[in-house]
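Observations on the three-dimensional arrangement
The primary structure of each chain is shown beneath.
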Amino acid sequence: MQNGTRYLNFSSNDYLGISQHAQVISAWQQGAEIYGVGSGGSGHVTGYNEAHQLFEEQLADWLGYPRALLFISGFAANQALIAAFTEKSDRIVADKLSHASLLEAAMHSPAQLRRFAHNDVDSLQTLLEQPIDGQQLVITEGVFSMDGDAAPLAEIAQVTRHAQGLLMVDDAHGIGVMGNQGRGSCDHLQVKPDLLVVTFGKAFGASGAAVLCSESMADYLLQFARHLIYSTAMPPAQACALSTALNVIRRDDSRRLMLQANIARFRAGAQSLPWQLMSSQTAIQPLIVGENQPAVNLAATLRERGIWVTAIRPPTVPPGTARLRITLTASHTDADIDMLLEALYDAAR
Ligand SMILES: *Cc1c(COP(=O)(O)O)cnc(C)c1O
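Just so you know, these numbers come straight off a predicted model, no measurement behind them.

**Here we look at the side chain of H173**
Mapped onto the secondary structure, H173 falls in the loop between β6 (166–170) and α7 (185–188). Those residues in contact with H173 that lie beyond four places of it in its chain are N13, Y15, V143, S145, K202, I284 and R325.

What follows is the structure in structure tokens.
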């Protein structure tokens, strides 16, 4: 719904349709009955209880890390990690297309910031080989939010290890949808970053985030991460809902299979469109239009036909690559996808 009109939504990050899952909704309701709607304070005071603890333990077990720490958002988690783990003598080496929450935090850090060419391991290696006194923190995403392509995590992990750096992966768009039991991009490529950020605003269908890390890093964050100390903790009822969402994600492969089938149907149907389809195999299927105005016009044309797709323009994406950022979910039917394709072909004529 937008301004009282119903649209067919191809802009949602609710990739598995979990925001509408009956069990998840009822877990949130039951959590609110037990704990009320808010946490009542920072986790350092009284905002943290057994609902948070249970969900953290469940996450750590699922992803194979000693510890998981909840944050109120992925934005906050990224800011907190970069602030806590970098100092002046260090160097941050980040993929050029990293999300704003990563690059902004990196710019605020006193550490040196270098960006490597997108998904280019040689470019990363060249930067890592420059002399430095302190520690190097390598930052990338599992699946990139605007292109939908995946990072070569195995190769990135290898050159990072060789340079004795720390690897941080933000898997906002991979968690839940990729890997065995939805464990994400890192599981899919058999990589274990030092710091893994997963967020709950996409495939988990709600909001919030967690950092997966070692015992000592978690203890350090609890002492020094200002985003944990000076911010109201996630409502416990939300942790209950997320915990149920995780059970669905682990056990129910059918949603991932449905999403894969929808991706395949869209890609097969979109081959003859005049706009460039990227090589993405994920739920994010951008159509590159080029200039800004035609991209905005195309989005408006679709909207007139009851289809909601967002045009993304620079500076969010590089100049000359304005696009429709189409996202597919497990909730779309064949008819929904065919309707989108038909509207695109009509707009192309
Ligand atoms: C959405 C997103 C975030 C921010 O997460 P929120 O929980 O929405 O604050 C961080 N990184 C990436 C790559 C994202 O796509």
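Continuing now.
**Things to note about the UniProt feature "binding site: pyridoxal 5'-phosphate" (unreviewed entry) in the chain**
Within this structure's numbering, the places UniProt gives as "binding site: pyridoxal 5'-phosphate" (unreviewed entry) are G74, F75, S145, H173 and T199. The largest pairwise C-alpha distance within this set of annotated residues, which runs over 126 residues, is 13.6 Å, so the set is compact in three dimensions. Mapping G74 onto the fold places it in helix α3 (residues 74–85). With relative accessibility at 13%, the residue G74 sits in the buried group. Look past the residues within four positions of G74 in its chain and what remains in contact with it is T199, G208 and A209. Looking at the element boundaries, T199 is found in strand β7 (residues 195–199). What T199 contacts, discounting residues up to four positions off in sequence, is G74, A172, I175, F204, G208 and A209.

**Considering the packing of helix α1 (residues 22–35) against helix α10 (residues 236–251)**
Following both chains from N to C, one finds α1 and α10 inclined at 150°, their axes separated by 7 Å at the closest point. By the angle between their axes, α1 is roughly antiparallel relative to α10. Read as a crossing pair, α1 and α10 show a hand that is right-handed. Of α10, the residues touching α1 (which contributes Q23, V24, A27, W28, G31, A32 and Y35) are P236, A237, Q238, C240, A241, T244, A245 and V248. Counted by class, the contact of α1 with α10 contains eleven nonpolar, four polar and no charged residues.

**Side note on the pattern of salt bridges**
One pass over the full model with this rule turns up ten salt bridges. For D252, the salt bridge identified is with R255, shortest N-O distance 3.3 Å. Exposure remark for D252: the relative accessible area of 23% places this residue in the partly exposed category. Where R349 meets D346, a salt bridge forms, and the shortest distance between an N and an O atom there is 2.5 Å.

Rules and cut-offs
- Residues numbered from 1 in each chain as written.
- Predicted model: local features only at pLDDT ≥ 70, side-chain atom pairs only at ≥ 80, totals over all residues.
- Heavy atoms only, no water.
- Helix = DSSP H or I, 4+ residues; strand = E, 2+ residues; numbered from the N terminus.
- Contact = heavy atoms within 4.5 Å.
- UniProt positions renumbered as here; feature names shortened; annotations may be inferred.
- Buried < 20%, exposed > 50% of the residue type's maximum accessible area, 1.4 Å probe, protein only.
- Axes fitted to C-alpha atoms, helices over the stretch in contact; angles between N-to-C directions.
- Parallel < 35°, antiparallel > 145°, perpendicular 65-115°, else oblique.
- Left-handed = near helix turned anticlockwise from the far one by under 90°.
- Nonpolar A, V, L, I, M, F, W, Y, C, P; charged D, E, K, R; others polar.
- Salt bridge = Lys/Arg side-chain N within 4 Å of Asp/Glu carboxyl O.

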